[in-house]
Each structure stands twice: as C-alpha cells, then as structure tokens.
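For reference, the chains in residue letters:
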Amino acid sequence: MLTKDPLRSALGRPLDRRRLLTAGAVLAMAGVPYGALGQTSQPDVIVIGAGAAGIAAARKLAEAGVSYALIEAGRRVGGRTFTDSQVFGVPFDMGANRLDFPEATPLPALGRGSGFDIAPAPEAGRLYLGGKEARDPDYEDFVGAVRRAERAIVAAGDAGRDLPAARVVPDLGAWSAPARFVTGPFLRGRNLDWVSTVDVSRAEERGVANVCRQGLGTLVASLASPLTVQLDTAARSVELGGRRVVVATGRGNLTARCVIVAVPPSVIAAGKLRIPLLPPRQRAAVERIPLGVFDHIAFEWPGAPAGVLPDETIYFRTDGAEGYALRTRLGGTSVCALEVGGAFAERLEAASPQAVRAVLTEALTREFGADAARRIGRMHRTQWGMEPLALGAMSCAVPGAGNMRRAFLEVVSGRLVFAGEHAHESLWGTVGGAWQSGERAAAQVIALLKDGRQG
C-alpha cells in the first residue's frame, strides 16, 4: 500500500545504513547531578555559544567535573531553537520545531523527565490539490517524483560526483517543481543549484520525529537551567598562539586550556568571530558550508482544513521555484505556518510584512479558496537569514564541498573543537545533530585535558 508520506517513503536510503546511539547511551545523561560546578576565573574550557550544541557540551563537561565558561552573545539560550509565547499567546517555535532522530539523543527522555509533553509528529504528510486531499494516483506521482529526485542526488554523491544537485535531477514532468522544493529548500534551506550531492548522500533519511507541545525551544532552554551561562557576552576573537586559549569578548578576555566553538559557520565567515590562526582546511569548511535560509510564516487560521492533525504537513503542486508547504495546527492550536526556504525565503525576508501577508493570502487562496484566506488572523514571519547571531537556518555544503564537514570534527591546534549541527556528517540540519556534536566535542576536549598537554 502506498504511504501518503512523501518524506518518509520517498527520501534517501534506509535509516539503519548508519548506526545511531544505543538505548543505553541515549539515556546515559538522564539525572546527571551538576551541583555548584560552573564558571570560574580560570576555567579548563570555554564554550562559545549556548545553543543546543553548546548546552550539550557544557552538560557533558559538568558531568565529568571539568570547569567551563559558557558564554552566549545573545540575551537568551537555545540558539536556533527558540519558542515564543507572546505573538500568538501560545507556544510557537520560531526556529526548529521538530526533533528528528529522537532515538539519537537524550532529549526526549530528559524532557519527559521534566514534565514536557513530547509526542511523535504525524508520520503521514498529506498532498492537497484544488483545496482537497489528492487521490491515490496523484500521491503516487508525487512520491515517485520525490523518490527519483532524491535517488539521483544520492547516487551521484555515493559515486563521488560532488555536483550541484540540480544537475543530476532527471526530468520529473508536472511534479518537477514540488519535488525540487522538497529535496532542496524544504529539507536543506537551499535551491538545488547550491546543494552538494555528496553532502546529501551522507545525510541520514529523516523519518520519525518528535514535537514538544510546550515548544522545542522551551525544552532545549530548560536543559541549560542547571548550568552557569553568561549571556550578552559576545566572543570577538579566539587566539590560539599562546600557552592558553584567549577569547576576547565585549566584557573582557577569558583564558582556558581549550575552547569549544559552537556558533554557526556563517557567523565566523562574516567576521563576527575571528580565529586568526584557523588552519586553511577549517577556514575552507567555514566558507563553503554556510547556512541556508528556511522560514516560518506563522498565522492564526481557524479555517484549517477539516480532519488535519496537529503538527501535520501538507504539500502542494506549486509551479516554478516558489514552493511552500503548510504545517497545520501547531501544538494543537489554531496557529499554522507556511514553510518557505531557499531563494524564495531570501526574497521574502527582504520584503515588507504587508508583502509577505499578500504572499500568504495568495497561497491560501490558490490552495483553499478566497473564503479560507479571509480567515487569516495575526501573522508573524521569521527572518533567520537576517538574524545576526545565526545568519541562516541550517547548514548545507555547496557543490564541491561535500567532504568538508570532516574538518569540523578535528581538533585544531591541539585545543580548539567545533560543535553545532554543521559539525555532524550525517545529522546536519537537525537539533539532534547539534546535540550529538556538542557531546562529541566535550568528549574530545576531556580527552585532551586528560592527556595533560594543554596549558
């Protein structure tokens, strides 16, 4: 029987192609006692960035009894996971809103242990045509188009042909535009012209995901509560030349034996965080694995189609490059979100709120009719490409750079380690990948400290 979930049924290869964490490792950090350990005047490790990766790293360091200084340029923790409850009066995830690969991290167990309502996201994405759910033949055509596009991209990457993904996608007929949207902007924040086939071929297939009713951002931020975090402390530079690492901030200098850099590569590439002695290999990775753009145009919509589930995804047969999907009834509320990515999202970020609302109204009118569009209430759009502490939503290697993520896994100059979703070869673009990378970075630093050659 054909599953009506084009992402689960059509994309990539089997999830078990690469092994994830075992159940025992997943639960290993539950209930870790942190005590009073926190920042000191001379910490062993400085962690730059209190997003999911930085929080995971600091927790791992605290568990091991390693002193740390966790600094964050912004006035909140969580990075690209951020839940707002002011705009609509209910929790709304401005950034990441799904926890992909929930079995790969301790996040679900830690959240449930703290009373968070965490549940599987609906597995069945829907396809709508002309205001109604599509017939089985249309599902078959859509799923087939997405499958052929993804298989072509993966095959090229597996063969070592690091090309723009757009060059290897075959003619998909009437379903070409929606298939290119799903495999490019929707999953990777980039149009396929700027997606590396090798990078895609190494990524795990996204299948089962969790949602958090209180907001994924709320969950991630809660996991920083046992930690000492210095907010509004922007790291300006990282100096590796002396006996100790020196991190210059707007509040003065910090020194340590090691440093974990858990900020997006786009921020480093833009010169907001300077690392003068960064080797050419890591410098190239920073420049060629930037963040793509993915945004939510969220809006109150009591007129959501009857029968749709909370947090369900609806796909459409759009034309041209301006594709979109719809997330329905977020967290069981009347708030929905038009999901846009790539070049289309970049153009909308530069547009006025009135122009964005016009795009939203036009999309809903096209898909569900003018009456449905008239029921749009308050609207709020995200602009992750313009967010100064992120400069994008998710990483994706440009063509020719599919092998460069490995540079983010290496220890630099014996004392610097990277963390973040960009620093994971197969779970990049996900909160789970960011969390795993933070734990991996902490483990690397702990090993360096035990080696005794730092400072």
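Scoring rules and cut-offs
Residues numbered from 1 in each chain as written. Predicted model: local features only at pLDDT ≥ 70, side-chain atom pairs only at ≥ 80, totals over all residues. Heavy atoms only, no water. Phe/Tyr/Trp six-rings, centres within 6.5 Å; stacked < 30°, edge-to-face > 60°. Buried < 20%, exposed > 50% of the residue type's maximum accessible area, 1.4 Å probe, protein only. Helix = DSSP H or I, 4+ residues; strand = E, 2+ residues; numbered from the N terminus. Lys NZ or Arg CZ within 6 Å of the ring centre and 35° of its normal. Pairing = 2+ DSSP bridges. Contact = heavy atoms within 4.5 Å. Axes fitted to C-alpha atoms, helices over the stretch in contact; angles between N-to-C directions. Core = buried A, V, L, I, M, F, W, Y, C linked by side-chain atoms within 4.5 Å. Parallel < 35°, antiparallel > 145°, perpendicular 65-115°, else oblique. Left-handed = near helix turned anticlockwise from the far one by under 90°. Nonpolar A, V, L, I, M, F, W, Y, C, P; charged D, E, K, R; others polar. Polar contact = N/O pair within 3.5 Å; in protein donor to acceptor, adjacent residues only side chain to side chain. Salt bridge = Lys/Arg side-chain N within 4 Å of Asp/Glu carboxyl O. Expected span 1.5 Å × (residues − 1). Bend = angle between axes of the 7 residues up to and from the residue. Arc of directions from axis to C-beta.

One pass over the full model with this rule turns up twelve aromatic pairs. Here Phe-299 and Trp-301 contribute two aromatic rings whose centre-to-centre distance is 5.8 Å and whose plane-to-plane angle is 55°, an arrangement assigned as tilted. Judged by relative accessible area, Trp-301 falls into the buried class, the value being 1%. When the centroid spacing of 5.3 Å and the interplanar angle of 55° are considered together, the rings of Trp-301 and Phe-368 count as tilted. Taken together, the residues span a long stretch of sequence, with Trp-301 in the loop between strand E16 (294-300) and strand E17 (312-316) and Phe-368 in helix H12 (residues 353-368) at a distance of 67 residues. In this structure an aromatic cluster arises from ring pairing among Tyr-128, Phe-299, Trp-301, Phe-316, Tyr-324 and Phe-368. One Lys or Arg, Arg-76, reaches over the ring of Phe-82 and ends 4.1 Å from the middle of that ring.

So, on to the sheet that holds strand E10 (residues 229-230). The pairing of strands in a sheet comes from backbone hydrogen bonds and takes either a parallel or an antiparallel form. Judged by pairing direction, the sheet is parallel, and its five strands sit side by side in the order E10-E2-E1-E14-E22 without closing on themselves. Looking at the sheet topology across the chains shown, the edges are occupied by E10 and strand E22 (416-418). Of the strand pairs in this sheet, strand E2 (residues 68-71) and E10 are connected by two bridges, and their pairing is parallel. Bridge pairing in E10 places Ile-71 opposite Gln-230. Against the sheet, helix H3 (residues 52-63) touches strand E1 (45-48), E2 and strand E14 (258-261), its axis set at about 165° to E2.

Core analysis: the biggest nonpolar cluster contains 42 residues, and Leu-127, Phe-142, Ile-153, Phe-186, Leu-192 and Tyr-315 have the highest contact counts within it. The element contributing the most residues to this core is helix H5 (residues 136-158), with eight residues. For Leu-127, the residues in contact, after removing those within four places along its chain, are Lys-132, Glu-133, Ala-134, Asp-138, Tyr-139, Phe-142, Trp-175, Tyr-315 and Phe-316. Judged by nonpolar contacts, the second largest core, of 41 residues, contains Ala-50, Ala-58, Cys-212 and Ala-434.

Let us look at the side chain of Asp-100. Tracing the backbone shows Asp-100 in strand E5 (residues 99-100). Overall, the relative accessible area of 11% leaves Asp-100 in the buried class.

Here H5 crosses helix H6 (residues 176-188) at 60°, and the two axes come no closer than 8 Å. In terms of axis orientation, H5 runs oblique to H6. Along this stretch, H5 crosses H6, giving a crossing that reads as right-handed. In this structure, H5 uses Phe-142, Ala-145, Val-146, Ala-149, Glu-150 and Ile-153 to contact H6, whose residues at the interface are Pro-178, Ala-179, Val-182, Thr-183 and Arg-188.

Another point: the packing of H3 against helix H14 (residues 431-451). Across the interface, H3 lies against H14 with an axial gap of 7 Å and an inter-helix angle of 40°. As H3 runs across H14, the sense of the crossing is right-handed. Between H3 and H14, the residues in contact are Ala-52, Ala-53, Ile-55, Ala-56, Ala-57, Arg-59, Lys-60 and Leu-61 and Val-431, Ala-434, Trp-435, Ser-437, Gly-438, Glu-439, Ala-442, Val-445 and Ile-446, respectively. For the contact of H3 with H14, the residue count by class is twelve nonpolar, two polar and three charged.

Once that is clear, we can look at the environment of Glu-133. By the secondary structure assignment, Glu-133 is in strand E8 (residues 132-133). A sequence separation of 182 residues divides Glu-133 from Tyr-315, and the C-alpha atoms of the two residues are 9.8 Å apart. At a separation of 3.1 Å, a polar atom in the side chain of Glu-133 contacts the side chain of Arg-126. In terms of polar contacts, Glu-133 uses its side chain to reach the side chain of Tyr-139, at 2.7 Å.

With that out of the way, let us pick up the pattern of salt bridges. Should their charged atoms come close, side chains of opposite charge can pair. Inspection of every chain in the model, using the stated rule, returns 20 salt bridges. Put simply, Glu-322 and Arg-347 hold a salt bridge, and the shortest N to O gap is 3.0 Å. Remark: Arg-347 occurs in helix H11 (residues 342-349) and Glu-322 occurs in the loop between E17 and strand E18 (325-328); sequence separation between them is 25 residues. Judged by relative accessible area, Glu-322 falls into the partly exposed class, the value being 40%. By relative accessible area, which is 45% here, Arg-347 ends up partly exposed. Close ionic contact of Arg-375 with Asp-371 constitutes a salt bridge, the shortest N to O distance being 2.7 Å. According to the relative accessible area criterion, Arg-375 is partly exposed, its value standing at 36%. Members of the salt-bridge network, linked through shared partners, are Arg-126, Glu-133 and Glu-312.

Right, let's get into H6. With 13 residues, H6 ought to run about 18 Å at 1.5 Å a step, and its terminal C-alpha atoms sit 17 Å apart, in line with that. Along H6, the sharpest change in direction is near 35° and occurs at Val-182; proline Pro-185 comes one to four residues later. Judged by how many residues are buried, H6 sits mostly within the fold: twelve of 13 residues are covered. Regarding H6, the residues found buried are Ser-176, Ala-177, Pro-178, Ala-179, Phe-181, Val-182, Thr-183, Gly-184, Pro-185, Phe-186, Leu-187 and Arg-188. Backbone geometry just after H6 places Gly-189 at a positive phi near 70°.

Attention now goes to H12. Given a rise of 1.5 Å per residue, 16 residues ought to cover 22 Å, and the 22 Å separating the end C-alpha atoms of H12 matches this to within 8%. Among the residues of H12, those classed as buried are Val-356, Leu-360, Ala-363, Leu-364, Glu-367 and Phe-368. All buried residues of H12 project into a common sector of 95° when viewed along the axis, lining one side. Exposed residues pointing more than 90 degrees away from the buried face of H12 are listed as Gln-354 and Glu-362. Just downstream of H12 lies Gly-369, where phi reads positive at about 105°.

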